[in-house]
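# Notes for the structure review
Chain residues, written in single-letter form:
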Amino acid sequence: MSSFSDSSLSKKLNELNNTQQSIQTLSLWLIHHRKHSKTIVQVWQREMQKVKSSVRLTFMYLANDVIQNSKKKGPELTRDFATVLPEAYAVASKDADDKTKKSLERILTIWQERGVYDKTFVTKIKQDTDLGKNDSKPAEKTKKKVDEYVATKPKHHKSKSKHRDREPAVKPVAEPVTPVAVVPAKKKKKEDDLSLIEEIESMPNDPTSNTGDSEALVKRLADLEHSASSDAAVREKIAALPPEVSDIQHLSKVQDKEAAVKLASQVEEACILLSEYNFRLNAELEERKAVGKMLRDFIVCQREQLTEAENKVEDYKSRLEKVTNVRLELSSHIQNLPDLTLLPDVTGGLAPLPSAGDLFSLDQRH
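Everything numeric here is computed off the predicted structure, so don't read it as measured data.

### Side note on the nonpolar core
If you look at the biggest cluster of nonpolar residues, it comprises 40 residues, and the most contacted ones within it are W44, F81 and L85. When residues of this core are traced back to their parent elements, those giving at least two are α1 (6-14), α2 (20-32), α3 (37-50), α4 (53-69), α5 (76-82), α6 (85-93), α7 (98-113) and α8 (119-128). Tallying contributions element by element places α4 first for this core, with seven residues. Sequence-distant contacts of L85, defined by excluding residues within four places in its chain, comprise W44, M60, I67, W111, Y117, F121 and I125. Within the second largest apolar cluster, 10 residues are counted, among which are L28, A228, V234 and I238.

### Considering the packing of α2 against helix α12 (residues 232-239)
Contact geometry for α2 and α12: axes closest at 8 Å, N-to-C directions at 115°. Considering only the axes of α2 and α12, their crossing is left-handed. Contacts between α2 and α12 pair Q21, T25, L28, W29 and H32 from the former with R235, E236, I238 and A239 from the latter. Residue classes in the contact of α2 with α12 are distributed as four nonpolar, three polar and two charged.

### Some points on a positive patch on the surface
A cluster of basic residues, K71, K72, R106 and R114, forms a positive patch on the protein surface. Relative to the elements of secondary structure, R114 occurs in the loop between α7 and α8.

### Details of a nonpolar patch on the surface
Together, L221, L295 and I299 make up a nonpolar patch on the protein surface, roughly 210 Å² of accessible area in all. With respect to the helices and strands, I299 occurs in helix α13 (residues 257-336). Given the relative accessible area of 35%, I299 is considered partly exposed.

How each quantity is defined
Numbers given for residues are sequential positions, taken from 1 along each chain in its written order. Reporting of local features is limited, given that this is a predicted model, to residues whose pLDDT is at least 70; pairs of side-chain atoms are given and counted only at 80 or more, and all residues count toward the totals for whole chains, interfaces and linings. Calculation of side-chain values draws on the structure's entire complement of heavy atoms; hydrogens and water are dropped beforehand. Residues enter a nonpolar core if they are buried and are Ala, Val, Leu, Ile, Met, Phe, Trp, Tyr or Cys, with the set joined through side-chain atoms within 4.5 Å. Only protein chains enter the area calculation, which uses a 1.4 Å probe; residues under 20% of their type maximum are buried, those over 50% are exposed, and those in between are partly exposed. Per the convention used, a helix needs a DSSP run of H or I reaching at least four residues, while a strand needs a run of E reaching at least two, with both numbered from the N terminus. In this description, contact between two residues means that some pair of their heavy atoms is separated by no more than 4.5 Å. Note on definitions: angles span 0 to 180 degrees between N-to-C directions of axes, and those axes are lines fitted to C-alpha atoms, for helices only across the stretch in contact. Helix crossings are classified by the rotation of the near helix relative to the far one: an anticlockwise turn of less than a right angle makes the crossing left-handed, while a clockwise turn makes it right-handed. Gly counts as polar in this scheme, as do all residues outside two lists: the nonpolar Ala, Val, Leu, Ile, Met, Phe, Trp, Tyr, Cys and Pro, and the charged Asp, Glu, Lys and Arg. To count toward a patch, a residue needs a relative accessible area over 30% and no salt bridge; like charges are then connected within 9 Å, while nonpolar side chains (Val, Leu, Ile, Met, Phe, Trp, Tyr) are connected within 5 Å. Residue-level accessible areas treat just the shown protein chains as cover; the underlying method is Shrake-Rupley with a 1.4 Å probe. Think of a salt bridge as a Lys or Arg side-chain nitrogen and an Asp or Glu carboxyl oxygen that are within 4 Å of each other. By the counting rule applied here, Lys and Arg register as positive and Asp and Glu as negative, while His and the ends of each chain are not counted. Where a charge lies is defined by one atom per residue type, namely NZ (Lys), CZ (Arg), CG (Asp) and CD (Glu).

In structure tokens form, the structure reads like this:
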């Protein structure tokens, strides 16, 4: 893997294109050189201001990939990118079309949903740019379109025939109906547009699953730490692939058959490497969905148990309060009883009556 320098990074950013391979390759290279995070962020911001507006979204995709995939390695890049993202978003959203703005807003939403940056930071960026403001007044837009339609609607004049007035007051079938403002129903999100969290939440509950098995859940969560996305060795191999295998523009540099055969061999090896890695990533994604569903069911089960325990606590508190009230009433009643030792002697000096023990002893002697 090539060494890091300001010029080498500038060159790689200039060669960046809007393909997943190009973005991920450069992202891996940047994460590998994360100790130069401050320089990386400065050069990235500088070069993004130089490129055309259509290319700035690609720079944001690169930043998104670096920010999310570098969290496991260290917080340097995530922290340093946060210092320039507000200004970078202002540059990227300037003169951008609606499609680009939606993509930029989607990146912010992903950061907030996955806890990359907090809600305050994301909201501040949205407020400082014009993202999300296009659809701020959908009702007014709908009303305006309806008003325009009504204004331009051709008028239907009454027939000049006088005998129509003598016809029954029944509206003909062919009579056009005045249009009514109907707000179109909100389209249901396609499955491909759902985030991972939304997809997991939409999964049906499985009554046969053991939702209380915390040990199995912990084990599967621990296994995800060694998944394909954490395989640094393979990611570095992908990052080390020559640019000729991913950029079709380099084909013009092939001058002879030997170079073409060599390039074909490199492309074949790259295809095998990427196919295997993509297969592992797909398997990891399915495993993450399964673990996410398992975690969701476990949380639901724990919440139900917590609710049941809270109800029991409230019941026992009520019983304790009743017992305490009886205890207080009993204590008060005992205090109000007269003290027999303070009563006057009404026996007239007579000897006290023998006790039951004395009578029993006397009976034994006789």
